[in-house]
Amino acid sequence: MTKTIAALADGRELIYFDRDGSSAARNITDPRPLAPVANLSTVRRDPATGAWVTIAAHRQSRTYHPPADECPLCPSGDGRRSEIPADDYQVAVFENRFPSLAMTAAGPHDGLLAGPADGLRTEHPGVGRCEVVCFTAAHGSCFADLTPDRARLVLDAWTDRTGALMALPGVEQVYCFENRGAEIGVTLAHPHGQIYAFPFTAPRTARMIEQADRHRAATGRNLFEDLLDAECADKVRVVLAGEHWTAFVPFAARWPYEVHLYPHRRVPDLTALTEPERAEFPALYLELLRRFDRLFAGPGRPAPADPTPYIAGWHQAPVTGGSELALHLELFTTRRTADKLKHLAGVESGMDAFVNDVTPEAAAERLREVAT
């Protein structure tokens, strides 16, 4: 892998990742007249739950569903300038122009910005970093269209950025993820993902760590190792498995079709994976994504007009307090049938109490049926 660091016109960092060493030729100056990015966000602690909430009102003006010929993630060319100054790229990562979090704010522990000393209104600057990961220069494609070699390059980029972002002052957790589909809320159609470097441990991660600590205290074992061992032994919810990875539908899946992908060896984050583990991942992950696209098609199942919407994200241990957490990827779709979505309505949105319309065992069976 070749990594070339450049800068956009407003000072944001742009990084090219290439397999063939061609990225150096793409270190082209960005000629756009851009004003410096201002981070106006803060993070506030919910005193009722302890969860941190990011307040980023400046993001209301971010780019929203531009036409294909004005896509900011396509390469520049034909007199049009995008976020990528070069006329081509393999994988590109850059700082978000409309970040929820940024390192330009004051340090996260420089004192309260607002509120009394009783802890009911705790607010800190929105320190962190938000990056955009462009998987390919091809606007009309998707992650599942990538070759295994190109998917491996994306994995290498995720790994590189995880290590770099975890080392930044004030960063507590790094989350690499992809949203696909307008139903998910995607505002740019170009195949891309994002990376958030949080100044706190995300609420879902905090709950996982709490459960893992309880499991350790009760059994003396690691929760995630036991979960993986149990699914591999039972096999009814296993979707596919390799020498180093296993994908399964969780026993208490929240979403109609939800798959968790674990390395067999417990590691805290992407930087700890071995070369054999990295080498096996692309083919397994691409197969999972392609199965998701086949879920709602087939005999008696008219194919949906749009590809399956999904969210895929790497759950990694935070910098502190996460020794029991195991690296894994969670992939799920909000679609429950070919023409119906799973909306988070009253009990889900209001109480975080999920009601699943598909049994995990039936979901796993369907995901095995659509194997290539």
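This one's a predicted model, so the numbers in the text were calculated from it and none came from an experiment.

Caption draft 1: Main features of the pattern of salt bridges. Throughout the structure, instances matching the rule amount to 34 salt bridges. In this structure, the salt-bridge partner of Arg221 is Asp226, at a minimum N-O distance of 2.9 Å. Overall, Arg221 belongs to the partly exposed group, its relative accessible area being 45%. On the basis of relative accessibility, which here comes to 19%, the residue Asp226 falls in the buried class. A salt bridge links Arg266 to Glu225; the nearest nitrogen and oxygen atoms lie 3.0 Å apart. Remark: Glu225 occurs in helix α3 (residues 223-234) and Arg266 occurs in the loop between β12 (257-263) and α4 (275-294); sequence separation between them is 41 residues. Assessed through its relative accessible area of 30%, Arg266 is described here as partly exposed. According to the relative accessible area criterion, Glu225 is partly exposed, its value standing at 36%. A single network of salt bridges, built from pairs that share partners, joins Lys3, Glu13, Glu95, Arg129, Glu131, Asp160 and Arg161.

Caption draft 2: Expanded view of the confidence of the model for the chain. Counting all residues, the mean pLDDT for the chain is 92, and 94% of those residues have values of 70 or more. Residue range residues 106-112 is modelled with pLDDT below 50. Its contacts to residues more than four positions away, or to other chains, number 12 contacts.

Caption draft 3: Inspection of a nonpolar patch on the surface at higher detail. The grouping of Val347, Met351 and Val355 at the surface amounts to a nonpolar patch, some 300 Å² of accessible area in total. The topology assignment puts Met351 in helix α5 (residues 346-351).

Caption draft 4: Inspection of the nonpolar core at higher detail. Residues Phe143, Trp158 and Trp314 are the most contacted members of the largest nonpolar core, which totals 53 residues. When residues no more than four places from it in sequence are discounted, the contact partners of Phe143 are Phe135, Ala151, Val154, Trp158, Glu178, Tyr285, Leu286, Leu289 and Tyr310. Ala86, Ala92, Phe94 and Cys134 belong to the second-largest nonpolar core, a separate cluster that totals 16 residues.

About the cut-offs
Residues numbered from 1 in each chain as written. Predicted model: local features only at pLDDT ≥ 70, side-chain atom pairs only at ≥ 80, totals over all residues. Heavy atoms only, no water. Salt bridge = Lys/Arg side-chain N within 4 Å of Asp/Glu carboxyl O. Buried < 20%, exposed > 50% of the residue type's maximum accessible area, 1.4 Å probe, protein only. Helix = DSSP H or I, 4+ residues; strand = E, 2+ residues; numbered from the N terminus. pLDDT = per-residue confidence, 0-100. Contact = heavy atoms within 4.5 Å. Patch = residues over 30% accessible without salt bridge, like charges linked within 9 Å, V, L, I, M, F, W, Y side chains within 5 Å. Areas by Shrake-Rupley, 256 points an atom, 1.4 Å probe, with all protein chains shown as cover. Core = buried A, V, L, I, M, F, W, Y, C linked by side-chain atoms within 4.5 Å.

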